Amino acid sequence: MGEQCRPGLCADEAFAATESVEAVTGTPVSADPTEGPNPAARGWDRSPVAFPTLAVSAFLLLVLGCLVWWVVPTTGRSDSKATAKVSDRPSEGTDWPLARKGNVLWKARTVQHLLRANGLDAKVDADYGPATAEAVKKFQAAHGLTVDGKVGKDTWPLLIVTIDSRTTKPEAVKAVQYLLHSAGVPTDTTGAYTPSTMRSLKEFQASRALPVTGIGDEDTWRALLNAQGPDQHK
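Now for a quick tour of the structure. (Residues numbered from 1 in each chain as written. Predicted model: local features only at pLDDT ≥ 70, side-chain atom pairs only at ≥ 80, totals over all residues. Heavy atoms only, no water.)

## A short note on the overall build of the protein chain
At step 1: A count of helical and extended segments in the protein chain gives 10 helices and zero strands.
At step 2: The helix and strand sequence of the protein chain, counted from the amino end, reads α-α-α-α-α-α-α-α-α-α.
At step 3: The buried share of the protein chain, taken over its 234 residues, is 32%.
At step 4: At a minimum sequence separation of 6, the contacts of the protein chain that also span at least 24 residues come to 49%.
At step 5: Surface exposure of the protein chain reaches about 14,900 Å², of which carbon and sulfur atoms provide 59%. (Helix = DSSP H or I, 4+ residues; strand = E, 2+ residues; numbered from the N terminus. Buried < 20%, exposed > 50% of the residue type's maximum accessible area, 1.4 Å probe, protein only. Contact = heavy atoms within 4.5 Å. Areas by Shrake-Rupley, 256 points an atom, 1.4 Å probe, with all protein chains shown as cover.)

## So, the packing of helix H8 (residues 170-182) against helix H9 (residues 195-207)
At step 1: Relative to each other, H8 and H9 sit at 50°, their axes nearing to 11 Å. The angle between the axes of H8 and H9 places the two elements in the oblique class. Considering the relative orientation of H8 and H9, their crossing is left-handed. Here Val-176, Gln-177 and Leu-180 of H8 come into contact with H9, specifically with Thr-197, Ser-200, Leu-201 and Phe-204. (Axes fitted to C-alpha atoms, helices over the stretch in contact; angles between N-to-C directions. Parallel < 35°, antiparallel > 145°, perpendicular 65-115°, else oblique. Left-handed = near helix turned anticlockwise from the far one by under 90°.)

## Considering the side chain of Gln-205
At step 1: Along the chain, the position of Gln-205 falls in helix H9.
At step 2: Polar contacts involving the side chain of Gln-205 include one to the side chain of Thr-220, which spans 3.0 Å.
At step 3: With near-sequence residues (within four places) excluded, Gln-205 lies in contact with Leu-210, Pro-211, Val-212, Thr-213, Gly-214, Ile-215 and Thr-220. (Polar contact = N/O pair within 3.5 Å; in protein donor to acceptor, adjacent residues only side chain to side chain.)

## A short note on helix H5 (residues 106-117)
At step 1: Relative to the 16 Å expected for 12 residues at 1.5 Å per residue, H5 spans 16 Å between its end C-alpha atoms, a close match to the ideal helical length.
At step 2: Among the 12 residues in H5, 10 count as buried, and that is most of the element.
At step 3: Turning to H5, its buried residues are Trp-106, Lys-107, Ala-108, Thr-110, Val-111, Gln-112, His-113, Leu-114, Leu-115 and Ala-117.
At step 4: Against the buried residues of H5 lie helix H6 (130-142), helix H7 (156-159), H8 and helix H10 (218-226).
At step 5: Two residues or fewer past H5, Gly-119 is found with a positive phi of approximately 85°. (Expected span 1.5 Å × (residues − 1).)

## Overview of empty space enclosed by the protein
At step 1: The full count for this structure, using the stated rule, is one cavity of 30 Å³ or more.
At step 2: Estimated volume of the largest cavity: approximately 40 Å³.
At step 3: Around the largest cavity sit Gln-205, Leu-210, Pro-211, Thr-213, Asp-217, Asp-219 and Thr-220, which together line it. (1 Å grid on protein atoms, 1.4 Å probe; cavity = no way out; pocket = protein on both sides within 12 Å on 5 of 7 lines; lining within 4 Å. Points joined across faces, edges and corners; volume = space filled by probe spheres on them.)

## Some details on the environment of Lys-101
At step 1: With respect to the helices, strands and loops of the structure, Lys-101 is situated in the loop between helix H4 (80-83) and H5.
At step 2: Using a relative accessible area of 55% as the deciding quantity, one classes Lys-101 as exposed.
At step 3: Here the alpha-carbon distance between Lys-101 and Ala-131, two residues 30 residues apart in the chain, equals 9.4 Å.
At step 4: Apart from residues lying up to four places away in sequence, Lys-101 is in contact with Tyr-128, Gly-129, Pro-130 and Ala-133.

## Side note on unusual backbone geometry
At step 1: Phi is positive for Ala-126, which is not a glycine, with a value near 60°.
At step 2: For Ala-126, the location among the structural elements is in the loop between H5 and H6.
At step 3: Under the relative-accessibility criterion, Ala-126 is labelled buried at 9%.
At step 4: Look at Ala-209: it is not a glycine, yet its phi comes out positive at around 60°.
At step 5: Note on placement: Ala-209 falls in the loop between H9 and H10.
At step 6: The exposed category is assigned to Ala-209, whose relative accessible area is 72%.

## A few points about H10
At step 1: Here H10 lies mainly inside the structure; seven of its nine residues are buried.
At step 2: Where H10 is concerned, the buried positions are Thr-220, Trp-221, Arg-222, Ala-223, Leu-224, Leu-225 and Asn-226.
At step 3: Those residues of H10 hidden inside the fold are in contact with H5, H7, H8 and H9.

## Focus: the nonpolar core
At step 1: Counting residues in each nonpolar core, the largest one holds 37 residues, and the members touching the most others are Val-111, Leu-115, Tyr-128, Val-151, Trp-156 and Trp-221.
At step 2: When contributions to this core are tallied by element, the ones reaching two or more residues are H5, H6, H7, H8, H9 and H10.
At step 3: For this core, the element with the highest residue contribution is H8, accounting for seven residues.
At step 4: Setting aside its immediate chain neighbours within four residues, Val-111 contacts Ala-99, Tyr-128, Thr-132, Val-136, Val-151, Trp-156 and Leu-159. (Core = buried A, V, L, I, M, F, W, Y, C linked by side-chain atoms within 4.5 Å.)

Quick look at the structure:
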């Protein structure tokens with residue numbers, strides 16, 4: 001069995017050995033065997049603010065990166081909703097919507113009422129079928145328009161009828177009353193320009209920042225058409 005030393009003697013021998021190593025290498029040697037070669041680094045590891053500081057820094061870098069990505073335009077990235085010109089949706093009434101064969105509900109019904117108001121034979125069934133398209137073509141031919149059976153920016157202004165207390169075309173009045181009701185302004189479809197119809201027109205015009213006249217003029221017709229919502233097809 002090896003020789004055992006007394007506690008005091010072992011400590012003296014360990015201290016002497018440490019001094020010998022320092023004398024030969026010129027490098028201080030820690031007397032604590034658990035302390036690593038970089039006391040400063042160990043002190044950083046034991047610091048109570050080290051981890052929170054790193055976490056906050058990483059979070060700030062992440063936020064900054066997101067802001068840069070959002071603000072700086074990316075090559076090839078586009079927003080189709082921001083750039084596309086869509087007239088088949090509720091708007092401020094700046095464009096005439098396009099009505100064509102295959103449309104149902106409000107576009108078809110409005111065109112059919114106006115065709116009848118202009119003396120053409122058209123069935124009001126809310127279905128823009130071949131018969132309605134043919135009636136549109138007859139109207140276009142009579143007014144020197146492109147004969148394509150579609151009601152767009154050139155045909156609408158000639159097809160609509162100004163609505164006021166002197167209007168004698170019930171079908172045109174029905175079209176306005178129908179569009180008002182569909183746009184959220186409760187109106188009875190009677191075919192007669194009543195005080196109730198005038199109040200409804202004024203209410204709609206005020207909501208669209210139009211002159212509040214109670215007259216269904218071109219601007220009011222265009223706004224009514226654009227207030228109807230998405231296009232509908234069968």
